[in-house]
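Breakdown of the fold
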Amino acid sequence: MTAVADEERDGGALTSLDSPLGDGLGVTKRALVDHLDAVADRMVPLLAGRPLSMVRVRPGQAPFMQRNVMKGAPGWVRTVPVWAESAHREVHQVLCDDRRTLLWLANQRAVEFHVPFLPAGSHEPTGLVLDLDPPDGADFATVVAVARLARAALEEVGLAGAVKTSGSTGLHVVVPVAGSPAEDVAAATRALASRAARLDPAIATTAFLKEEREGRVFVDSTRSGTGTVVAAYSPRVRPGLPVSTPVAWADLDGIAPGDVTVTSGAGRLGDWAALLPGPQRLPADLVAEGHTIPIARVAAMHEGKRRKRAREAAEGT
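- Naming follows an unreviewed UniProt entry, where the chain appears as DNA ligase D-like protein (Predicted polymerase) of Blastococcus xanthinilyticus.

A word on the overall build of the chain
- What the chain contains, in helices and strands, is seven helices and 14 strands.
- Relative to its length of 317 residues, the chain is compact, with a C-alpha radius of gyration of 20 Å against a globular reference of 20 Å.
- Oriented by its inertia axes, the alpha-carbon framework of the chain measures out at about 65 × 55 × 40 Å.
- Taken over 317 residues, the chain has a buried fraction of 49%.
- Taking the contacts inside the chain whose residues are at least 6 apart along the sequence as the reference set, 71% of them involve residues at least 24 apart.
- For the chain, the exposed area adds up to about 14,600 Å²; of that, 52% sits on carbon and sulfur atoms.
- Across the chain, 35 positive and 37 negative side-chain charges occur, with their mean positions spaced 4 Å apart.

Notes on the environment of Asp139
- With respect to the element layout, Asp139 can be found in the loop between strand E8 (127-133) and helix H3 (140-156).
- Accessibility expressed as a relative area gives 51% for Asp139, which makes it exposed.
- Spatially, the C-alpha atoms of Asp139 and Ala256 are 9.8 Å apart, while their sequence positions differ by 117 residues.
- Within the structure, Asp139 has its side chain in polar contact with the backbone nitrogen of Ala141 (distance 3.0 Å).

As for the nonpolar core
- Among the nonpolar cores identified, the biggest contains 46 residues, and Leu21, Leu47, Leu52, Leu102, Leu105, Phe113 and Leu241 are the most heavily contacted of them.
- Elements that contribute at least two residues to this core include exactly helix H1 (29-47), strand E3 (53-56), helix H2 (99-107) and strand E7 (110-116).
- With nine residues, the single largest contributor to this core is H1.
- If you count residues domain by domain, this core takes at least three from each of domain 1 (8-116) and domain 2 (122-316).
- Residues Leu128, Leu132, Ala196 and Leu282 belong to the second largest nonpolar core, which totals 36 residues.

Some words on the packing of H3 against helix H4 (residues 182-199)
- It is the contact of H3 with H4, at a shortest axis distance of 8 Å, that shows an interaxial angle of 120 degrees. Viewed along their axes, H3 and H4 adopt a mutual orientation that is oblique. In the crossing of H3 with H4, the sense of the turn from one axis to the other is right-handed. Mapping the contact onto sequence places Leu149, Ala150, Ala152, Ala153, Leu154 and Glu156 in H3 and Leu192, Arg195, Ala196 and Leu199 in H4.

What to know about the sheet that holds strand E9 (residues 162-165)
- The six strands lie next to each other as E11-E12-E8-E10-E9-E14, forming an open sheet whose pairing is mixed. Strand pairing shows two members of the sheet lacking a second neighbour, strand E11 (204-205) and strand E14 (246-247), which therefore form its edges.
- Where E9 meets E14, two bridges bridge the pair, whose relative direction is antiparallel. Bridge pairing in E14 links Lys164 to Pro246.
- Helix-sheet contacts for H4 involve E8, E11 and strand E12 (217-220), and the interaxial angle to E8 is about 40 degrees.

Topic: the sheet that holds E7
- Strand order in the open sheet formed by four strands is E4-E3-E7-E13, with antiparallel pairing between adjacent strands. Single-partner strands in this sheet number two, and they are strand E4 (64-66) and strand E13 (228-230). The sheet shows a mean angle of 30 degrees between the axes of neighbouring strands, direction not considered.
- Where E3 and E4 come together, three bridges link them in antiparallel fashion. Across the sheet, the residue bridging to Met54 is Gln66, located in E4.

Quick look at the domain arrangement of the chain
- Looking at the assigned domains, one finds that the chain contains domain 1 (8-116) and domain 2 (122-316).
- Centre-to-centre separation of domain 1 and domain 2, based on C-alpha positions: 24 Å.
- Contacts between the two partners involve 24 residues from domain 1, matched on the other side by 24 residues from domain 2.
- Note on domain 1 versus domain 2: buried area summed over both sides is about 1,900 Å², and carbon and sulfur give 67% of it.

Concerning H2
- Extensive coverage of H2 is indicated by the burial of seven of its nine residues.
- If you check which residues of H2 are buried, you get Thr101, Leu102, Leu103, Trp104, Leu105, Ala106 and Asn107.
- The elements touched by buried residues of H2 are strand E1 (5-9), strand E2 (12-15), H1, E3, strand E6 (89-94) and E7.

Rules behind the numbers
Residues numbered from 1 in each chain as written. Predicted model: local features only at pLDDT ≥ 70, side-chain atom pairs only at ≥ 80, totals over all residues. Heavy atoms only, no water. Helix = DSSP H or I, 4+ residues; strand = E, 2+ residues; numbered from the N terminus. Rg over C-alpha atoms; globule rule 2.2 N^0.38 Å. Buried < 20%, exposed > 50% of the residue type's maximum accessible area, 1.4 Å probe, protein only. Contact = heavy atoms within 4.5 Å. Areas by Shrake-Rupley, 256 points an atom, 1.4 Å probe, with all protein chains shown as cover. Lys, Arg positive; Asp, Glu negative; His and termini not counted. Charge placed at Lys NZ, Arg CZ, Asp CG, Glu CD. Polar contact = N/O pair within 3.5 Å; in protein donor to acceptor, adjacent residues only side chain to side chain. Core = buried A, V, L, I, M, F, W, Y, C linked by side-chain atoms within 4.5 Å. Domains from an automatic or database assignment. Axes fitted to C-alpha atoms, helices over the stretch in contact; angles between N-to-C directions. Parallel < 35°, antiparallel > 145°, perpendicular 65-115°, else oblique. Left-handed = near helix turned anticlockwise from the far one by under 90°. Pairing = 2+ DSSP bridges. Buried area = accessible area lost by both parts, 1.4 Å probe.

So, in structure tokens, the structure goes:
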């Protein structure tokens, strides 16, 4: 049975707008649609040309990640084939290149919008990110302090970045880059994360394993290169739908997680494009330094295997 449209925007039908968006979120589907419509002019340029990964919700179901285009998508929705390593198959990911596509995705209850820094068909990422992930219950002032460590590490090597909330409990420090392949961008990110953590190891760490972080903020370097990060202005699947919010460096002390939600007004959202510096070339010595630092996930995997072997050996004695 086809749902009756409540209204139409940009040629697309919108349905069930006044129904709950999903379980425990406390907002209607209309709130999501209205928010994405209000930020479309700023958000679409951040999504355009990049394979989109979405977190969708449905009443009565747990939120789920979707990379393959939804069944029954209109013919005007553009997609790009991408090899999904985890699924061992090719999927067709949406390219959200216009307002009509963004609103169609909102009507499909797509809440979170995650994109890589690597545009479709390119081998050179347009940016890198230091994802600052605090432990449960951490004072947000500590996360802000680690963001300033990241900024200092950037300045040491002649780079500049901008900061936004993750929409959850952390912060993202983003650096636009140009002229480097993905593996070099990932290496530079590892070097920057290491430098930031060394500036104050009492509050910051690059330890991938949670049990080794000892209550410190994790400076995550693994989302650069071919990884993804939630886009600025994207809501997050949490009560009230908090939004990933651009913040000027001078205003960091005045924010808190969850300050901006889909219902608190798009007027409170800064202009991410204006806060970002222009694309920068990565220093060769920074890239070389990063290539000497093990990839965090790989190192953690090997450490996990080593610990398992040690446990099995101990149990066998």
